[in-house]
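Reading the structure
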Amino acid sequence: MRAKSRQACGTQSRPDSAQRGHGLGIVRVFDLSPRRVEAADMPFVVVNMSMTADGKIATGNRRVSSFGSPRDQEHLLELRATADAVMCGARTVDLNEIDMGPGPVKYRRRRLRAGLAEYNLRVVVSGSGSVNTGARLFKERSSPTIVLTTERATGRRLARLAAAADQVCVCGREEISFRRALVWLRAEWGVKRLLCEGGGELNAALFLAGLVNELHLTICPLIIGGRQAPTIADGVGVAGLADAVRLSLLSQRRIGEEIFQVWCL
Ligand SMILES: NC(=O)c1ccc[n+]([C@@H]2O[C@H](COP(=O)([O-])OP(=O)(O)OC[C@H]3O[C@@H](n4cnc5c(N)ncnc54)[C@H](OP(=O)(O)O)[C@@H]3O)[C@@H](O)[C@H]2O)c1
């Protein structure tokens, strides 16, 4: 299966784990074969977001985006402990002091018990390559960081990304083809379960491409307003209800004043 996927993606071979580390360079993933992509070629994709009661994931000025309780934070780490890779959009990485890592040792032990690597892979999405490579994430070297980008990224930006990340994958001309990118992550980095932690632009692209399997949503007891405030799925949106992404509620639990929902797609 792995060999087939690698052929389908037309990528270079994945290096041995001993070789992994800073500076695996830039790969281009364009030649996805016309054969149908099987579910087994793709990671299971989980989106985890916390939002206010008025549906916002950050304030309009983007200064505040963390408003969940300690229980919500625990939920985030519990989910990370089940994922091979955690993925975020460029603005989420730029605006937050995040490392996208597994957190305290109890979660790392949980990962090892489940047969996962102690530290999850980290994936940053930046179609134009504008992500700030001075962000904390790129300084924290506990696990490989991969940037997904497009041919819109200039040579200079690609060089900057390649210097900061462990690998840069160019997987689209104008827009990222997430289908290709996910097949590549599965085949080359062994990502079976991918946790996406926003923001709204990235989530919208994944939802509308039909690539999300599960949505974990924490509804927090706040109203923050703001017509410019991001939501769990932004982007251009659908033109009509026929194109809306349909969800089915798997579970819902109230803990304190928060509601923890799990939706499947
Ligand atoms: N409450 C929560 O749970 C939560 C979680 C995460 C984030 N947030 C907040 O949400 C806000 C960020 O959300 P956001 O929607 O503005 O940004 P985002 O999704 O984090 O990042 C957007 C950027 O990611 C890249 N990108 C996303 N989708 C792409 C696609 N389909 N193709 C190519 N590139 C793509 C682009 O980078 P380039 O510009 O480089 O092309 C785009 O400008 C922040 O305030 C953050 O703190 C809240």
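Residues numbered from 1 in each chain as written. Predicted model: local features only at pLDDT ≥ 70, side-chain atom pairs only at ≥ 80, totals over all residues.

**Focus on the nonpolar core**
What counts here: Note on terminology: a nonpolar core is any set of buried Ala, Val, Leu, Ile, Met, Phe, Trp, Tyr and Cys residues joined through C-beta atoms within 7 Å. The exposure label follows from counting other C-beta atoms within 10 Å of a residue's C-beta, where the C-beta atoms are placed from the backbone and the thresholds are 20 or more for buried and 12 or fewer for exposed, leaving partly exposed in between. For helices the rule is a DSSP run of H or I covering at least 4 residues; for strands it is a run of E covering at least 2, with both sets numbered from the N terminus onward. We call two residues in contact whenever the C-beta atoms placed from their backbones are within 7 Å.
Counting 57 residues, the largest nonpolar core has Ala 85, Val 124, Leu 148, Cys 169, Ala 181, Leu 194 and Leu 206 as its most contacted members. At 7 residues, helix H7 (residues 178-189) tops the list of elements feeding residues into this core. Each residue touching Val 124, except ones within four places of it in the same chain, is listed here: Cys 88, Ala 90, Val 93, Val 131, Leu 137, Thr 145 and Val 147.

**A few points about unusual backbone geometry**
Cis rather than trans, the peptide bond between Gly 198 and Gly 199 has omega equal to 0°. Inspection of the secondary structure puts Gly 199 in the loop between strand S7 (193-196) and helix H8 (200-208). Despite not being glycine, Arg 62 shows a phi value in the positive range, around 65°. Counting through the fold element by element, Arg 62 comes out in the loop between strand S2 (44-52) and helix H2 (70-80). With phi around 60°, Met 100 is a residue other than glycine that occupies positive phi space. Within the element layout of this structure, Met 100 appears in the loop between helix H3 (90-95) and helix H4 (105-113).

**With respect to the site of the ligand**
How we decide: For each residue, a C-beta position is placed from the backbone atoms; the residue is near a molecule or strand when that point lies within 6 Å of it. Residues are grouped as follows: Ala, Val, Leu, Ile, Met, Phe, Trp, Tyr, Cys and Pro are nonpolar; Asp, Glu, Lys and Arg are charged; all remaining types, including Gly, are polar.
Surrounding the ligand, one finds 31 residues, the nearest of these being Ser 65, Gly 89, Gly 127, Gly 198 and Gly 199. Of the residues that constitute the shell around the ligand, the class distribution is 12 nonpolar, 13 polar and 6 charged.

**Side note on the environment of Glu 257**
Tracing the chain through its elements places Glu 257 in the loop between strand S9 (248-255) and strand S10 (258-264). Residue Glu 257 is classed as exposed on the basis of its C-beta count, with 11 C-beta atoms lying within 10 Å.

**Points about the pairing of strand S3 (residues 85-89)**
Put simply, the test is: For two strands to count as paired, DSSP must find a minimum of two bridges between them.
Of all the 5 residues making up S3, 5 are buried; the element is thus mostly covered by neighbouring parts of the structure. What you see with S3 is no split at all: Ala 85, Met 87 and Gly 89 on one side and Val 86 and Cys 88 on the other are buried throughout. Direction of pairing for S3 relative to strand S4 (residues 121-125): parallel, over a ladder of 5 bridges. What sits directly across from Gly 89, in S4, is Val 125.

**A word on the pairing of strand S8 (residues 214-220)**
Where S2 lies against S8, 7 bridges are found, and the strand directions are parallel. Within S8, the position partnered with Val 46 by the bridge is Glu 214.

**Describing the sheet that holds S8**
Each strand in a sheet pairs with another by means of backbone hydrogen bonds, the pair being arranged parallel or else antiparallel. Under the convention used in this document: Here the axes come from fitting lines to C-alpha atoms, over the contacting stretch only for helices, and the angles between their N-to-C directions go from 0 to 180 degrees.
Overall, mixed pairing links the 10 strands, which are arranged S1-S6-S5-S4-S3-S7-S2-S8-S10-S9 in an open sheet. Only two strands of the sheet have a single neighbouring strand rather than two, namely strand S1 (26-28) and S9. Pairs of neighbouring strands in the sheet enclose a mean axial angle of 20°, with direction left out of account.

By themselves, these figures tell us nothing about what the structure is for.
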